[in-house]
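The chain contents come next:
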Amino acid sequence: MDAQNLPIQVIVHCDAEGELRPLRFRYEDGQHQIHTVHIEQVTDSREVEFVGIAAILYLCKAKADGKEHLYELKYTIQTHRWVLFRKLY
Amino acid sequence: MAERIIFHIDVNSAFLSWTAAYRCNVLGEEFDLRQVPSVIAGQKDSRRSIVLAKSMAAKKYGIQTGEPLGMAREKCPDLVVAEPDYNLYISASRKLMALLRDVSPVVEQFSIDEAWVDMTGTQRLYGSPVLAAQWLKERIKRELGFTVNIGISSNKMLAKMAGELEKPDKVLTLFPWEIEEKLWPLPVRELFYVGNATEKKLHRMGIYTIGELAHAEVGDLRRKLHKHGETIWHLANGRNADPLQPVAADNKGYGNAMTTPWDVTDLAYGQQVLLSLCETVAARMRRDGQTGRCVTVQLRTSQFESFSSQRQLPSATNGTTEIYEAACRILEEIWDRRTPLRQMGVQLSKVSHDSYRQYSMFDTVRYDRLEKLDTAVDGIREKYGEDAIRRASVLSFENPRKGAQEVAFHVQF
């Protein structure tokens, strides 16, 4: 399946060591509905540098309508942009 | 001293790999350009579009790098075409070179996608050469997302030849004791430094394979091909002692050429093209602090016939106006003003660092003022972009057919 790559607005916590932790993000779906997601836990993060483009991937758990979801967010370091890379479930 | 170990690293169909890796790994697309017949070529302008890189599948259709896109489409109707993205290629290339410098301090970058790495004496760090190369190849694939070929030998040329033997994603060796088996059966064309002209001469001497070249009389080669004959004879025998040059050498010449959107048939248009070429060439030389003495103009007609001529300047220069004037004189000499021209190029050679100028009693131009003008223009362009300041004469040139619109959008100076 192709990744979604949806641009998102994010509230991020940055600690004194420079570690980023996304707390909340907001995106617009195909029906132009705005969704706000409260992240409960960042289960994993890793840095990638494919074709020289440095980015950090975050696996984030969140609950919506009583169901648990897992999102993969991507932060591109050079452009400072966040995208919802894909929704795993 | 231990035997030299040189790696030659070459990205497999670089531009295509980089675009494919970007789409798969960065954008997360499933579809991989590398798995289907595909090429990298500009699509906006079919007249000037040429194949910049091809996938292995496209190669099977006989598509060659450098051929017009239209011809490639004829060979393979289902060809997938992707636009080039030069910023991406520069970023990928930089990262690759940084990774190589991380592995060994002696790295010579040969082009955007090729480099030699001196691995002499790194056995205790990375293990034996073949294992080290395999590790490096996998590391590049894992971290950067594209495949490379690594050629291993004890000198630069053999390492490069090793990397060409088989593709893609391979580690290959070509040590001097292997050349008889691996290198000598190949056609002489495959040897580095043997191009079209040399190949023809060698064929006339009855030399068709690298092995035959290696066994030829060096005296004969020297008579027919001069110094070059001896160089390729040594190469065919696997001898080459060129050291790696971690710091890039100065450019030997500066040039720029363009295929015009439509054929050049009148002098005014030709001069405008020349002016635009001279501007880029001169600006690049000024950026590097170089001056040149010999101006060459190359022309290619709509029938793909090429000719060129050169002229020495009284004093080395990097001023746009001076180069342009010389180029115009050459153009008037060698062009009949009727034959449609498809491509024009300007080159400056005999480059030096000299910053003095030989004034002449007959100078009609005040060169110091032109120099100040060039410096000012370079400064403005660096700060505000290439389009911030232009010559009024090129305003209508980019597209005469919509010239009026063009002019309307640019401030005139």
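Bear in mind that the values here come from a model prediction, so they are computed numbers and not experimental data.

Conventions adopted
Residues numbered from 1 in each chain as written. Chains lettered and ligands numbered in written order. Predicted model: local features only at pLDDT ≥ 70, side-chain atom pairs only at ≥ 80, totals over all residues. Helix = DSSP H or I, 4+ residues; strand = E, 2+ residues; numbered from the N terminus. Buried ≥ 20, exposed ≤ 12 C-beta atoms within 10 Å, placed from the backbone. Contact = placed C-beta atoms within 7 Å. Rg over C-alpha atoms; globule rule 2.2 N^0.38 Å. Pairing = 2+ DSSP bridges. pLDDT = per-residue confidence, 0-100. Axes fitted to C-alpha atoms, helices over the stretch in contact; angles between N-to-C directions. Parallel < 35°, antiparallel > 145°, perpendicular 65-115°, else oblique. Left-handed = near helix turned anticlockwise from the far one by under 90°. Nonpolar A, V, L, I, M, F, W, Y, C, P; charged D, E, K, R; others polar. Core = buried A, V, L, I, M, F, W, Y, C linked by C-beta atoms within 7 Å. Domains from an automatic or database assignment. Expected span 1.5 Å × (residues − 1).

**Focus on the overall build of chain B**
Part 1 of the argument: Within chain B, the secondary structure is distributed over 15 helices and 12 strands.
Part 2 of the argument: Over its C-alpha atoms, taken along the principal directions, chain B stretches across nearly 65 × 55 × 40 Å.
Part 3 of the argument: Every one of the 413 residues in chain B was classed for burial, and the buried ones make up 32%.
Part 4 of the argument: In chain B, 58% of the contacts between residues at least 6 apart in sequence involve partners at least 24 apart.

**Description of the overall build of chain A**
Part 1 of the argument: Looking only at helices and strands, one finds 0 helices and 7 strands in chain A.
Part 2 of the argument: A globule of 89 residues ought to have a C-alpha radius of gyration of about 12 Å, and chain A, at 13 Å, matches this closely.
Part 3 of the argument: The principal-axis extent of the C-alpha atoms belonging to chain A is close to 35 × 30 × 20 Å.
Part 4 of the argument: Scored against the burial criterion, the 89 residues of chain A give a buried share of 25%.
Part 5 of the argument: Of all intrachain contacts in chain A linking residues separated by at least 6 positions in sequence, the fraction that spans at least 24 positions is 26%.

**Let's talk about the environment of B:Gly28**
Part 1 of the argument: The topology assignment puts B:Gly28 in the loop between helix H1 (14–26) and strand S2 (38–40).
Part 2 of the argument: In this structure, B:Gly28 is in contact with A:Asp2, A:Ala3, A:Asn5, A:Phe85 and A:Arg86, ignoring residues within four places of it in sequence.

**Considering the pairing of strand S12 (residues 341–349) of chain B**
Residues and elements named next belong to chain B.
Part 1 of the argument: When strand S9 (residues 254–264) meets S12, the two strands line up antiparallel, connected through 7 bridges. Within S12, the residue paired with glycine 255 across the bridge is glutamine 347.
Part 2 of the argument: In this sheet, S12 lies alongside strand S10 (residues 292–301) in antiparallel orientation, the contact comprising 8 bridges. Following the sheet pairing, threonine 296 is matched in S12 by glutamine 347.

**Comments concerning the sheet that holds strand S7 (residues 81–87) of chain A**
All names here are of chain A.
Part 1 of the argument: Read across the open sheet, the 7 strands follow the order S1-S7-S6-S5-S4-S3-S2; overall the sheet is antiparallel. Pairing within the sheet leaves two strands with one partner each, and these edge strands are strand S1 (6–7) and strand S2 (9–14).
Part 2 of the argument: Of the pairings in the sheet, the one linking S2 to strand S3 (residues 20–28) comprises 6 bridges and is antiparallel in character. Its bridge partner lying in S3, glutamine 9 is registered against arginine 26.

**As for the confidence of the model for chain B**
Residue and element names in this part refer to chain B.
Part 1 of the argument: With 93% of its residues at a pLDDT of 70 or more, chain B shows a mean pLDDT of 85.
Part 2 of the argument: Across residues 400–413, confidence stays below pLDDT 50; counting only partners more than four residues off in sequence or on other chains, it has 12 contacts.
Part 3 of the argument: In the predicted assembly, ipTM is 0.83 and pTM is 0.74.

**Overview of the packing of helix H4 (residues 86–103) of chain B against helix H6 (residues 129–144) of chain B**
Residue and element names in this part refer to chain B.
Part 1 of the argument: At a closest axis distance of 12 Å, the pairing of H4 and H6 adopts a crossing angle of 140°. Compared by their axis directions, H4 and H6 come out oblique. Crossing angle aside, the handedness with which H4 passes H6 is right-handed. Contacts from Ala92, Lys95, Leu96, Leu99 and Val103 in H4 reach Leu136, Ile140 and Leu144 in H6.
Part 2 of the argument: Of the residues contributing to the contact of H4 with H6, the split by class is 7 nonpolar, no polar and 1 charged.

**Overview of the nonpolar core**
Part 1 of the argument: Counting residues in each nonpolar core, the largest one holds 87 residues, and the members touching the most others are A:Val51, A:Leu73, B:Phe7, B:Trp18, B:Val39 and B:Leu213.
Part 2 of the argument: At 9 residues, the largest contribution of residues to this core is made by H1(B).
Part 3 of the argument: Excluding anything up to four places from it in sequence, B:Trp18 contacts A:Val51, B:Leu88, B:Tyr89, B:Ala92 and B:Phe146.
Part 4 of the argument: Core analysis: the second largest hydrophobic core is formed by 24 residues, B:Tyr254, B:Met285, B:Met344 and B:Val351 among them.

**Quick notes on unusual backbone geometry**
All names here are of chain B.
Part 1 of the argument: That bond from lysine 167 to proline 168 is cis: its omega, -10°, falls within 30 degrees of zero.
Part 2 of the argument: You can see proline 168 is positioned in the loop between helix H7 (156–164) and strand S8 (171–173).
Part 3 of the argument: The phi angle at serine 13 is positive, at roughly 25°, despite the residue not being glycine.
Part 4 of the argument: For serine 13, the location among the structural elements is in the loop between strand S1 (6–11) and H1.
Part 5 of the argument: Residue serine 13 is classed as buried on the basis of its C-beta count, with 27 C-beta atoms lying within 10 Å.
Part 6 of the argument: If you check the backbone angles, arginine 337 has positive phi at about 65° while not being a glycine.
Part 7 of the argument: You can see arginine 337 is positioned in the loop between helix H13 (320–334) and S12.
Part 8 of the argument: Residue arginine 337 is classed as exposed on the basis of its C-beta count, with 12 C-beta atoms lying within 10 Å.

**Looking at the domain arrangement of chain B**
Part 1 of the argument: If you check the domain split of chain B, you get domain 1 (1–174), domain 2 (183–236) and domain 3 (254–409).
Part 2 of the argument: A separation of 39 Å is found between the C-alpha centroids of domain 2 of chain B and domain 3 of chain B.

**Section: the sheet that holds S10(B)**
Residues and elements named next belong to chain B.
Part 1 of the argument: The strand order across the open sheet formed by 4 strands is S9-S12-S10-S11, and the pairing between neighbours is antiparallel. Here the strands that pair on one side only, and so sit at the sheet edges, are S9 and strand S11 (306–317). Adjacent strand axes in the sheet meet at a mean angle of 15° when their direction is disregarded.
Part 2 of the argument: The strands touched by helix H12 (residues 267–288) are S9, S10 and S12; relative to S9, the strand with the most contacts, the crossing angle is about 155°.
Part 3 of the argument: In the packing of H13 onto the sheet, contacts are made with S10, S11 and S12, and the angle to S11 comes to roughly 145°.

**Let's talk about H1(B)**
All names here are of chain B.
Part 1 of the argument: Compared with an ideal rise of 1.5 Å per residue, which puts 13 residues at 18 Å, H1 spans 17 Å between its outermost C-alpha atoms and is within 8% of the ideal.
Part 2 of the argument: Looking at the buried side of H1, the elements it contacts are S1, S2, strand S3 (53–54), strand S4 (80–82) and H4.
Part 3 of the argument: In the segment just after H1, glycine 28 is the residue with positive phi, at about 75°.

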